[in-house]
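Here is what each chain is made of, one letter per residue.
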Amino acid sequence: MDRDEILLDCEERMDKAVSVLSDQLKGLRTGRANPGLVDSIRVDYYGSPTPLKQLANISVPEPQQIVIRPFDASAINEIAKAIQASDVGLAPNNDGKLVRLNIPPLSTERRKQLVSRVKEFAEEARVSIRNIRRDANKHADQSEKDKLFSEDERDDVKDKVQELTKKHEGLVNDAAAAKEKDIMDE
């Protein structure tokens, strides 16, 4: 691999790790209604697990309520079952045309549990980023052994990889801190 390939691959994979963290954090409940809470729920629709956002319009008419309006009214019972079976911890109210989810306020204990989940997700993302750094450094070392790089070029690539690592770990830390603040400030 040449220098640009190593750095590009490293950056793309680190961006993906940060993106995965963002998606995980969207699914965590705060005291406010957020369509991201139910986006990832999969509904058994005609025998295949389908993401809820492909089956229904999800809106937040009030700060404490999510309304799910299915495109196909026959899927409403399956949607309610999927929400109950999921780990969001919300009870669906089904009136035959739409599903309402009332978001109760979080207890202090539950907030602390959610903050610890945020920290777990952030640590997983940081570990992933460090593993990507390790892989990129291995490629740089191998390229030097294969006489594609000089020692200086290898060290330069490793420095750039370290800069990418610091940048992406900063993004992870910022996202985690923002979510923790969001959870605790409600």
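For the structure itself, look to the data block above.
By convention here, each chain's residues receive numbers from 1 onward along its written sequence. With the structure being a predicted model, the display of local features is reserved for residues of pLDDT at least 70 and the display and counting of side-chain atom pairs for 80 or more, all residues being used for whole-chain, interface and lining totals. Note that the side-chain values use all heavy atoms of the structure and ignore hydrogens as well as water.

1. Remarks on the nonpolar core
Logical step 1: Cys10, Val157 and Val172 are the most contacted members of the largest nonpolar core, which has 27 residues in total.
Logical step 2: Looking at this core, the elements with two or more residues in it are α1 (3-26), α5 (108-145) and α6 (151-185).
Logical step 3: Put simply, DSSP marks the helices as runs of H or I at least four residues long and the strands as runs of E at least two long, and each gets a number from the N terminus on. The element contributing the most residues to this core is α5, with ten residues.
Logical step 4: In this description, contact between two residues means that some pair of their heavy atoms is separated by no more than 4.5 Å. Setting aside residues no more than four positions away along its own chain, Val172 makes contact with Val18, Leu21, Ala122, Ala125, Arg126 and Ile129.
Logical step 5: In terms of nonpolar packing, the next biggest core, distinct from the first, is built from 21 residues, Leu52, Ile58, Ile79 and Val99 among them. Each nonpolar core is a collection of buried residues, namely Ala, Val, Leu, Ile, Met, Phe, Trp, Tyr and Cys, held together in the definition by side-chain atoms within 4.5 Å. Type-normalised accessible area, obtained with a 1.4 Å probe on protein chains alone, sets the label of each residue: buried when under 20%, exposed when over 50%, and partly exposed for intermediate values.

2. What about the packing of α5 against α6?
Logical step 1: Remark: α5 packs on α6, axes separated minimally by 10 Å, with the N-to-C direction vectors making an angle of 170 degrees. Classified by the angle their axes make, α5 and α6 are roughly antiparallel.
Logical step 2: Lys, Arg, Asp and Glu make up the charged group, whereas Ala, Val, Leu, Ile, Met, Phe, Trp, Tyr, Cys and Pro make up the nonpolar group; the residues left over, Gly among them, are polar. Looking at the contact of α5 with α6, its residues break down into 14 nonpolar, five polar and 13 charged. Axes here mean lines fitted to C-alpha atoms, for a helix over just the part in contact, with angles spanning 0 to 180 degrees between N-to-C directions. Any angle that is under 35 degrees is reported as roughly parallel, and any over 145 degrees as roughly antiparallel; angles of 65 to 115 degrees are reported as roughly perpendicular and all others as oblique.

3. Quick look at the sheet that holds strand β4 (residues 65-70)
Logical step 1: An order of β3-β4-β6-β5 is seen for the four strands of this open sheet, with the pairing classed as antiparallel. The open sheet has two edge strands, β3 (56-62) and β5 (92-94), and neither has a second partner. Pairs of neighbouring strands in the sheet enclose a mean axial angle of 25 degrees, with direction left out of account.
Logical step 2: Strand pairing is assigned whenever DSSP identifies at least 2 bridges connecting the two strands. As judged from the three bridges shared by β5 and strand β6 (residues 99-102), these two strands associate in the antiparallel manner. Within the sheet, the bridge partner assigned to Asn93 lies in β6 and is Arg100.
Logical step 3: In the packing of helix α4 (residues 76-85) onto the sheet, the strands contacted are β3, β4, β5 and β6, and the crossing angle to β5 comes to about 165 degrees.

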